[in-house]
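Residues per chain, in single letters:
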Amino acid sequence: MSRSRRADERGMALALAIFALVVVGALVAGAFLAGHLEQRTGRSSLYAEQAADAAEAGAAELLASWDAPTLNVLAPGSVAAFPATPLAGRASYRSTVTRLNEQLFLVQSHGTRVDASGGTLARRTVGLVARLASLGEGPEAALTTGRPVEIAGSEVTISGNDSASVAGSDCAPGRSRPATRAVPPSSVVFAMFGDVEFERLAAHAAIVLPDTTLTSSLRPSLDDRNHCDIADGANWGEPRASSGAALESCRRYFPIVYAKGPRLTIAAGGRGQGILLVAGGLDITSDFDFSGLIVVKGGVRISGAGSRITGALMAANGPDQSRTQIAGDATVQYSSCALRSALGGAAFAEPLGQRSWVQVY
């Protein structure tokens, strides 16, 4: 009988081996499936993070290079869309700006990560609310100085009678202001403009000049697309209405120009508009036509024939006690319209202090 039972058990090892192989195979397949899913989940998370990073980079870049000529003139409710910008690693961003009211903007940046064939792997969108910085209304006089101004010649004109001579503007002149005003060099009027300090304003300069003498004439210029060439350092906008329709886009360009050296000399003249900030002194030795606000930490010497500043000029005559001298037939003409155009056109946007950023999806 025992021999018969052993005969009945023959072949069980093979069945057990096959069963074990099936179980092991199922475990291995399950492990491979779990690993594959983990790998795909990890890649999807990586692509999503890359798209989100691209979206955040787009929002930061848009604020850092705020396109004031385009965005500051948007009507409330209007939308400005910018073309896609590629980044490293097959990522890109595309930004839009919606003006909510006179001061607030909604900035949305859409980030995308694609594969080698251009197929979309992930999309993310971030949004933030930005506020246009208020630069105030400008100084209370045509010429504000830290020391009494020295005038040489009977043809110098310093006028506080408000002028409306601004290119392409229908601004009406306001009340007249003093022609000159003397305040201490350390006065806050030389350091604060609205709610923005001098250094913060200089940090947003579109054009930064070293200690130099400008020997090329300043004039508006156009790029290959017949748009105002904001990459041209000699282009400070167009303050004149008589230049023709070709330069219309440059009439909306009000750059912040910052001269960070001990002295800036404008030797070849020309024309421009916006805000000129000078960390040291300023010399104007030839015909120079400027519309907007000029702020000089040191002294100012104007000797060029026909030089004209429409808006306001401020010279703190800083710690070196440098003087402000105006000679020839130079003109400093107060204009609230020129100041309003320059300060509004040069204003930049910054995120709100609290809860300005959100991931939309």
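Above this text is the structure in question.
If you're wondering where the values come from, they're calculated on a predicted model, not measured in any experiment.

Asker: Summarise the overall build of the protein chain; cite the residues concerned and give the values.
Answerer: From N to C terminus, the protein chain includes 5 helices and 24 strands. For 361 residues, the compact-globule estimate of 2.2 N^0.38 gives 21 Å, and the protein chain exceeds it by more than 25% at 32 Å. Reported as C-alpha extents along the three principal axes, the dimensions of the protein chain are approximately 140 × 45 × 35 Å. When each of the 361 residues of the protein chain is scored for burial, the buried share is 44%. About 18100 Å² of surface is accessible on the protein chain, with carbon and sulfur atoms providing 55% of the total. Here the protein chain carries 32 positive and 32 negative side-chain charges, and the mean point of each set is 10 Å from the other.

Asker: Kindly report on the pairing of strand E4 (residues 104-114), identifying the contributing residues and their values.
Answerer: Here 9 bridges tie strand E3 (residues 91-99) to E4, and the two strands are oriented antiparallel to one another. Across the sheet, Thr98 pairs through a bridge with Leu106, a residue of E4. Taking the residues between adjacent antiparallel strands as the criterion, E3 and E4 are bridged by 4 residues. With 11 bridges connecting them, E4 and strand E5 (residues 120-132) associate as antiparallel partners. Bridging from a neighbouring strand, Gln108 pairs with Gly127 of E5. In this antiparallel pair of consecutive strands, E4 and E5, the connection spans 5 residues, and Gly118 shows a positive phi of 95°.

Asker: Provide a residue-level description of the pairing of strand E15 (residues 263-266), including the pertinent values.
Answerer: Alignment of strand E13 (residues 212-214) against E15, held across 3 bridges, turns out to be parallel. Bridging from a neighbouring strand, Thr213 pairs with Thr265 of E15. In this structure, E15 lies alongside strand E17 (residues 281-284), joined through 4 bridges in parallel fashion. The residue bridging Ile266 from the neighbouring strand is Ile284, located in E17.

Asker: Tell me what's going on with the environment of Phe193, and back it up with residues and numbers.
Answerer: Counting through the fold element by element, Phe193 comes out in strand E10 (residues 192-193). Assessed through its relative accessible area of 6%, Phe193 is described here as buried. Through-space distance from the C-alpha of Phe193 to that of Gln273 is 17 Å; in sequence the pair is 80 residues apart. Those residues in contact with Phe193, other than ones at most four positions away along the chain, are Ser134, Leu135, Gly136, Phe198, Leu201, Leu293, Val295 and Met314.

Asker: Run through the packing of aromatic side chains, naming residues and quoting values.
Answerer: For the coordinates displayed, the defined rule picks out 4 aromatic pairs. Members of the aromatic cluster, connected to one another through ring pairs, are Trp236, Phe288 and Phe290. If you follow Lys297 out to its NZ or CZ, it ends over the ring of Phe198, 4.5 Å from the centre.

Asker: Quick one: what's the story with the sheet that holds E13, residue by residue and with numbers?
Answerer: As summarised here, the arrangement of the 6 strands in space is E7-E21-E19-E17-E15-E13, forming an open sheet in which the pairing is parallel. Two strands lie at the open edges of the sheet, namely strand E7 (150-152) and E13, each paired on one side alone. Across the sheet, the axes of successive neighbouring strands diverge by a mean angle of 10°, strand direction being ignored.

Asker: Just give me the short version of helix H5 (residues 336-346), but keep the residues and values in it.
Answerer: Within H5, 9 of the 11 residues are buried, leaving the element largely enclosed by the surrounding structure. Along H5, the residues classified as buried are Ser336, Cys337, Ala338, Leu339, Ser341, Ala342, Leu343, Gly345 and Ala346.

Asker: Lay out a nonpolar patch on the surface in plain terms, naming residues and giving numbers.
Answerer: Taken together, Leu14, Ile18 and Val22 make up a surface patch of nonpolar side chains, about 300 Å² in accessible area. Examined against the element boundaries, Ile18 turns out to sit in helix H2 (residues 12-64).

Asker: Talk me through the state of the cysteines; I want residue IDs and the actual numbers.
Answerer: For the structure on display, the rule yields 1 disulfide. Here Cys228 is linked by a disulfide to Cys250, with a sulfur-sulfur distance of 2.2 Å. Between Cys228 and Cys250 the sulfur-sulfur dihedral comes to about 105°; the bridge is accordingly right-handed. Here the residue Cys228 occupies a position in the loop between E13 and strand E14 (256-259), and Cys250 occupies one in the loop between E13 and E14, the gap between them amounting to 22 residues.

Asker: How would you summarise the side chain of Ser335 if you had to cite specific residues and measurements?
Answerer: Within the fold, Ser335 resides in the loop between strand E22 (331-334) and H5. Ser335 sits in the buried class, given a relative accessible area of 0%. A distance of 2.6 Å separates a polar side-chain atom of Ser335 from the backbone oxygen of Ser163.

Asker: Lay out the pattern of salt bridges in plain terms, naming residues and giving numbers.
Answerer: Under the criterion given, the structure shown has 14 salt bridges. With a closest N to O distance of 2.9 Å, Arg219 and Asp232 form a salt bridge. Here Asp232 lies in the loop between E13 and E14 and Arg219 lies in the loop between E13 and E14, a separation of 13 residues in the sequence. A relative accessible area of 33% places Arg219 in the partly exposed class. Connected through shared salt-bridge partners, Glu140, Arg175 and Arg177 make up one network.

Asker: Which residues make up the nonpolar core, and what values go with them?
Answerer: Side chains of a nonpolar character, in soluble globular proteins, are inclined to be buried together. In terms of nonpolar packing, the biggest core is built from 77 residues, with Trp66, Leu201, Trp236, Leu264, Leu276, Leu277 and Leu282 touching the most fellow members. Among the elements that take part in this core, strand E18 (residues 288-296) stands out by supplying 6 residues, more than any other.

Asker: Let's hear about the environment of Thr85: which residues, and what values?
Answerer: In this fold, Thr85 is placed in strand E2 (residues 85-87). Distance from Thr85 to Ala172, taken between C-alpha atoms, is 41 Å for residues 87 residues apart in sequence. When residues no more than four places from it in sequence are discounted, the contact partners of Thr85 are Ala91, Ser92 and Tyr93.

Cut-offs applied
Residues numbered from 1 in each chain as written. Predicted model: local features only at pLDDT ≥ 70, side-chain atom pairs only at ≥ 80, totals over all residues. Heavy atoms only, no water. Helix = DSSP H or I, 4+ residues; strand = E, 2+ residues; numbered from the N terminus. Rg over C-alpha atoms; globule rule 2.2 N^0.38 Å. Buried < 20%, exposed > 50% of the residue type's maximum accessible area, 1.4 Å probe, protein only. Areas by Shrake-Rupley, 256 points an atom, 1.4 Å probe, with all protein chains shown as cover. Lys, Arg positive; Asp, Glu negative; His and termini not counted. Charge placed at Lys NZ, Arg CZ, Asp CG, Glu CD. Pairing = 2+ DSSP bridges. Contact = heavy atoms within 4.5 Å. Phe/Tyr/Trp six-rings, centres within 6.5 Å; stacked < 30°, edge-to-face > 60°. Lys NZ or Arg CZ within 6 Å of the ring centre and 35° of its normal. Axes fitted to C-alpha atoms, helices over the stretch in contact; angles between N-to-C directions. Patch = residues over 30% accessible without salt bridge, like charges linked within 9 Å, V, L, I, M, F, W, Y side chains within 5 Å. Salt bridge = Lys/Arg side-chain N within 4 Å of Asp/Glu carboxyl O. Disulfide = S-S within 2.5 Å. Polar contact = N/O pair within 3.5 Å; in protein donor to acceptor, adjacent residues only side chain to side chain. Core = buried A, V, L, I, M, F, W, Y, C linked by side-chain atoms within 4.5 Å.

These figures capture arrangement, not role.
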